[in-house]
Amino acid sequence: MNILTHWLREYLPALEVSDRQLAEDLTLRGIAVEGVHEVAGGHLFEMDITTNRVDAMNHYGVAREAAAIYNIPLRKLDDECAPANVGAGYPVRIEAADLCGRFTAQIVRNVTIAPSTGIIAERFAQLGQKPISNAVDITNYTWLAMGHPTHVFDLDTLEGSIVVRRAREGEKLRLLDGSEKTLTADDLVVADEKKALALAGVMGGWDSRVTDTTKNILVEAAWFDPAAIRRSSRCHGLHTDASHRFERGADFAAAPVANRYVTHKLVELCSGTPDGPMTDVVIPEVEAKTANRPRIALSSPTVQRLLGTTLDGGEISPVLIEQYLEALGCSLHPASEVGCYEVKLPSWRLDLEREIDLIEEVARVYGYNRFADTLPGFSGGVDSLPHRAQEETIRNTLRAMGWNEVIGSTFASEEDAMLFAAQRTAVPMGNPLNAEAGVLRPTLLSGAASMLAANMHRDVRTARIFELGAVFTGDTQQVQEAQSLSMGAYGSPAASAIVSAKDGLFFEVKGTIEALLAQFELKSVEFRADSLPPWIAPGRGARVLVESKELGAFGELDAAYADRLKARETIVLGEMDAAVLLASPLRVPLVREPSRFQAVERDLSFFFADTVTWDQINSAVHNLHIAELTSVEPREIYRDAKGKAVAIGEYSLLLRVVLQARDRTLREEEVAASIERIITALKELGGRQRA
Amino acid sequence: MSEQIPQLSGHDDATLDQAFAALQKQVRAGAAALSTDEARENFRLAWLGRKQGRLKLISDAWLKTAPVEAKKALGQRFNQLKTAIEAALESGHQASTSAGPGLDITLPGIRRAAGVEHPLTRTMREVVAVFEALGYSVGIGPEVETDFYNFEALNFPPNHPARDTQDTLVIADQEKKPGRERLLMRTHTSPVQIRSMIAQEPPLRLVIPGKVHRNDESDATHSPIFHQVEGLCVDTNITFSDLKGTLDHAMKSLFGSAVKTRFFPSFFPFTEPSADVQISCIFCGGKGCRKCKHSGWIELLGCGMVDPAVFAAVDQRRIELGREPAYGSNISGFAFGMGVERIAMMLYGISDIGLFYSGDLRFLEQFA
Ligand SMILES: [Zn+2]
């Protein structure tokens, strides 16, 4: 919608600010001027007005806002028109009283139809409004001036009274745009005694239109029900200026004003003569819901309590409240309580319904930026999110070990979801974004796998990623949402003295999980090789159990899955139930003073059969309950594929044992005795000590 | 190197110091010419050879003749001498393998890279921290919500277009359910405001970070998946100027104390009065540049005073759940919300929103 400032200024004789200042002041009050263009005589404002403010989508409406902002007088719109002469004019009958609340009609005779000249032609050119003929242009000019749609009929095509009624099922009507419409009982028409003349509030009819040869005119200005017009306009695919306004609620009181304004211009510009008074049929029930709505109670203490302090350190005074609301068209009547009012609402502001709406208007016209910046006093405590610290610990621990956080899509394809979470049910979306997003993700694994593959295909050489996010299971009636943690890695496997490069990635992930779990106060953590999920390559992964409950699993991605992703190298994936961790307390470090006595390290070298696991060796040593044993760890594991240094089916293990007492230096005999017990225990496991 | 075994003339400290100083001098003299492997091996054999090395020969000779009380002192000094010999060998080795005369300190350091915090997590954490410092608690809620929490209680009228499946992603098979129980992807984090008010009496100060979804076409600046941080402050006598002051303070904390804020009337169903907030451009300081489209201002927040209809819906629900209504006419509050992606894109100069969800390490690693 566009506004000409020189037109605007006609209504605001006392307006002193420049057009640019006006544009800024309007914008800061919610009547947004998006563009300012110089035109002959002033500026053209490109407006962006929210749909709840249809009343301001015309020159007079914007002028009213400016008058309120600057506290200057606003000229009456009908100043120039002849005084009202309402009475028994052209006969009008409203049959659909629920859909048409008001209808005014005025006969104007002996008009001369010609192209528009003068101000109308100039302003139409500036605004880009298409001229048609002087009489039709007058209705459009009235629309641009005050935002109320009007219509002119060729009076000599009418047969009897105007009847506003529902269309008959299948009734035909040719419209102004030349299209022929078949109507239904949902449509509202303006008709005469014989035929439909116009699709009410949407578009006039072809047969009753004003043409070059029209001599006598009937001017219509009415008020139609928003829902009825919306229905008709949608049903017939017709979005017109008139339907736009009626759909959003027109001004009930504006109909007679608009009619007089059009009539006045027909006299002035088409040399017409009004014939008789203006007919004005009003449905009181509709008037009561629009122009005569009940008054709203407004209390200035409430205004002040909600809006607070102004820049000058004061508050919004009752004087300002009265000034602003009256400038916007409200009338304020003092109520019995001091500082309270009963407010009669303007007929054009159907968006105002409650006290808070009026308070917003006061704040808006005063100017949001003229309020001070204050901070509320503090009362009440701060509740920390119960698992906030756990969440941060997960993220920080993983990041410290070189893992990067990713955020993936909340959705997955059903196929991917089932591949990685066959035991869960995925919840389908009703209107999926695309075929790849058909279900809510029941697992983070499919997202992690495809992100890793995408990185691989971008030639990123190594990747360590994790995601902490929601997964969804259940069905469409009941969705369960839980936090999950996924990890994914490929590239740069770390070989060490105890694991080969081939196994390095698995052990890096295991080590990361161990370090992460060590942050939590957990009674037990176990890794098990059995019952792996299908996405883990057989024998190449582990399940993680925490306090004997399943936490998750990790391992090398199964070859079939890897092929599907066209993954060139080994991927290790894992997923854990983050909810378990979030609900676990964080471990509080228990500190013991370091022993003042020297520790003794002894390295033991053994051969073991491949069937003997580290867990068995570790347990065998710990089960001796040697009080001074402070650590036992594998230092080197060696297998010889040729079977020379170490027999096939066996491995050599270099074991480091550390002994230390808290209360004394260990004597050589004590150390020897403990080491001897350890050697015996390891031999019982089938170990042979290396010479 | 078949030098003679020196004689030890006594066992007092001074004599020992003198004798060992002479040996150290011999070691240093030999160490000066250890640039080849061969020279080092000869040096090693000469001093540390197991049978004929000088260290063994001298220590055998001197310890044999020493009185018992002097043996400990002698042993310590021989250990020091051995350390010096080993150090000479090691530094000779390093000198021969390094290319230049010393450290090339311009070579890159050896780094162990930490993983990166996702830029959205980082931005949310930074925004949340500002409000935590103001006494706000952190609130979270489910991503799958009901119509009641996402729309109805937030004063969206029944036929509001936001409810349409063109705008909102819905779970399948919801048609048979009562409207307010229909399951959908939350379109904003505001449902957490409702959940919190139903659960708790005022005063309430909450900051709510989270993931939200809308049925939008993706392009460079729009994604159907995005993140928000919202805030809610409810108490007796919370004012519009408190809202202004809080957001002005928060924006200064986030973007620097020179940043100014500007409030415009706006419309949201759940607040009234409602405002859009702009900050003065953090790139040009308000003079106008490409990033602020030459306006000097950047739009960043939506906010407003909590609509009384929202309080009424909350109290209605509290009553249905058998709780006391607690959000009567003496209570007021404000709410605000901002898009995390938008802030992160602005701060880090990101032009494609899709990068956030790509898991592309070439993108993410830049946040290290
Ligand atoms: Zn700028």
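Here the structure is shown first, and the text comes after it.
A few points on the structure. The residue count restarts for each chain, going from 1 along the sequence in the order it is written. All chains are assigned letters beginning at A, and all ligands numbers beginning at 1, according to the order in which they are written. Local features are withheld for residues below a pLDDT of 70 in this predicted model, meaning they are given only at 70 or higher, and side-chain atom pairs are given and counted only at 80 or more; totals for whole chains, interfaces and linings count all residues. Values shown for side chains rest on all heavy atoms present in the structure; no hydrogens or waters enter the calculation.

**Some details on the overall build of chain A**
In step 1: Within chain A, the regular secondary structure consists of 20 helices and 30 strands.
In step 2: Radius of gyration: C-alpha atoms only; globule rule: 2.2 Å multiplied by the number of residues to the exponent 0.38. Against the compact-globule benchmark of 26 Å for 691 residues, chain A has a radius of gyration of 42 Å, which places it well outside the compact range.
In step 3: The principal-axis extent of the C-alpha atoms belonging to chain A is close to 130 × 60 × 45 Å.
In step 4: Each residue gets one of three labels from its accessible area relative to the maximum for its type: buried under 20%, exposed over 50%, partly exposed in between, using a 1.4 Å probe on protein chains only. By the burial criterion, 53% of the 691 residues in chain A qualify as buried.
In step 5: Note on definitions: a residue-residue contact is assigned when non-hydrogen atoms from the two residues lie within 4.5 Å. Considering only contacts in chain A between residues 6 or more positions apart, those separated by 24 or more positions represent 69%.
In step 6: Carbon together with sulfur atoms contributes 51% to the accessible area of chain A, which is approximately 30700 Å² in total.
In step 7: In this tally, Asp and Glu contribute negative charge and Lys and Arg positive charge; neither His nor the terminal groups of the chain are included. Charge positions are represented by NZ for Lys, CZ for Arg, CG for Asp and CD for Glu. Side chains of chain A give 72 positive and 96 negative charges; the mean places of these two sets differ by 4 Å. In this description a helix means any DSSP run of H or I spanning at least four residues, a strand means any run of E spanning at least two, and both kinds are numbered starting from the N terminus. To measure how exposed things are, a 1.4 Å probe is used in the Shrake-Rupley method; for residues, cover is taken only from the protein chains shown.

**A word on the sheet that holds strand E1 (residues 2-4) of chain A**
Residues and elements named next belong to chain A.
In step 1: One open sheet holds the three strands; their spatial order is E1-E3-E2, and the pairing between them is antiparallel. Edge positions in the sheet fall to E1 and strand E2 (32-39), since each has one partner strand and no second. For this sheet the average axis-to-axis angle between neighbouring strands, irrespective of direction, equals 25°.
In step 2: A pair of strands is treated as paired once DSSP finds two or more bridges between them. Relative to strand E3 (residues 42-48), E2 is paired through seven bridges, and the arrangement is antiparallel. Of the residues in E3, the one forming a bridge with Val 39 is Gly 42. To define axes, lines are fitted to C-alpha atoms, for helices over the stretch in contact only, and angles between the resulting N-to-C directions are given on a 0 to 180 degree scale.

**What about the interface of chain A and chain B?**
Note: interface size is frequently given as the accessible area lost on complex formation between the parts.
In step 1: On the side of chain B, 85 residues touch chain A, which itself brings 71 residues to the contact.
In step 2: For the pair chain A and chain B, the summed buried area comes to about 6000 Å², and 55% of that belongs to carbon and sulfur atoms.
In step 3: Once two parts are put together, the accessible area they lose, assessed with a 1.4 Å probe and summed over both, is termed the buried area. Looking only at chain A, the three residues that lose the most surface to chain B are Arg 305, Tyr 368 and Ile 407 of chain A, adding up to 12% of its buried area.
In step 4: Salt bridge, as used here: a side-chain nitrogen of Lys or Arg that lies within 4 Å of a carboxyl oxygen of Asp or Glu. The interface formed by chain A and chain B contains five salt bridges.
In step 5: Here Lys 244 of chain B and Asp 373 of chain A are joined by a salt bridge, their closest N and O atoms 3.5 Å apart.
In step 6: Counted as a polar contact is a pair of N or O atoms within 3.5 Å, where, for protein atoms, one must be capable of donating a hydrogen and the other of accepting one, and residues adjacent in sequence contribute only when both atoms are in side chains. At the junction of chain A and chain B, the tally comes to 37 residue pairs in polar contact (both at pLDDT 80 or more).

**A closer look at the nonpolar core**
In step 1: Throughout, nonpolar core names a set of buried Ala, Val, Leu, Ile, Met, Phe, Trp, Tyr and Cys residues whose side chains join them through atoms within 4.5 Å. One finds Leu 573 of chain A together with Phe 131 of chain B to be the most contacted residues of the largest nonpolar core, which totals 103 residues.
In step 2: Among residues more than four places away in sequence, those in contact with Leu 573 of chain A are Phe 420, Leu 445, Ala 448, Ala 449, Leu 452, Met 487, Gly 488, Trp 535, Ala 553, Phe 554, Gly 555 and Leu 557 of chain A.
In step 3: The next biggest cluster of nonpolar side chains, apart from the first, holds 55 residues, and it includes Tyr 60, Cys 81, Leu 144 and Val 152 of chain A.

**Let's talk about the packing of aromatic side chains**
In step 1: By convention, a stacked pair of Phe, Tyr or Trp rings (six-membered ring in the case of Trp) has centres within 6.5 Å and planes under 30 degrees apart, an edge-to-face pair has planes over 60 apart, and any other such pair is tilted. Under the defined criterion, the tally for this structure stands at 30 aromatic pairs over all chains.
In step 2: Seen in terms of ring centroids, Phe 148 of chain B and Tyr 149 of chain B are 5.0 Å apart; in terms of plane orientation they differ by 80°. Their pairing is edge-to-face.
In step 3: For the pair Phe 151 of chain B and Phe 156 of chain B, a centre-to-centre distance of 5.0 Å together with 70° between the ring planes defines the contact as edge-to-face. As far as the burial class goes, Phe 151 of chain B and Phe 156 of chain B line up, both buried.
In step 4: Taken together, the ring pairs in this structure connect Tyr 324, Tyr 366, Tyr 368 and Phe 371 of chain A together with Phe 240 of chain B into an aromatic cluster.
In step 5: A cation over a ring is seen here: Arg 370 of chain A above Tyr 366 of chain A, with NZ or CZ 4.1 Å from the ring centre.
In step 6: When the NZ atom of lysine or the CZ atom of arginine is within 6 Å of a ring's centre and also within 35 degrees of its normal, the charge is said to sit over that ring. For the cation-ring pair, Arg 317 of chain B lies above Phe 148 of chain B, with the distance from its terminal atom to the ring centre recorded as 5.4 Å.

**Focus: the coordination of the zinc ion**
Six octahedral donors around a metal ideally make angles of 90 or 180 degrees; four tetrahedral donors ideally make 109.5 degrees.
All names here are of chain B.
In step 1: At this site the zinc ion is bound by Cys 281 (SG), Cys 284 (SG), Cys 289 (SG) and Cys 292 (SG), with donor distances of 2.2 to 2.3 Å.
In step 2: The donor set covers N, O and S atoms within 2.8 Å of the metal, switching to 3.2 Å for Na, K and Ca, and it leaves out water, so a site may look short of donors. Working rule for geometry: tetrahedral if four donors all subtend angles between 85 and 135 degrees; square planar for four, octahedral for six, if opposite donors exceed 155 degrees and the others stay between 65 and 115; irregular in every other situation. Geometry at the zinc ion is tetrahedral, judged from the four donor atoms that bind it and their angles of 101 to 112° at the metal.
In step 3: Site description for the zinc ion: donor spacing in sequence, C-x2-C-x4-C-x2-C. For the pair Cys 281 and Cys 289, a shared accessibility class is recorded, and that class is buried.

**What about the environment of Pro 256 of chain A?**
Residue and element names in this part refer to chain A.
In step 1: Within the element layout of this structure, Pro 256 appears in helix H8 (residues 254-270).
In step 2: Assessed through its relative accessible area of 14%, Pro 256 is described here as buried.
In step 3: Separated by 172 residues in sequence, Pro 256 and Ala 84 have C-alpha atoms that sit 8.5 Å apart.
In step 4: Those residues in contact with Pro 256 that lie beyond four places of it in its chain are Arg 102, Thr 104, Met 278 and Asp 280.

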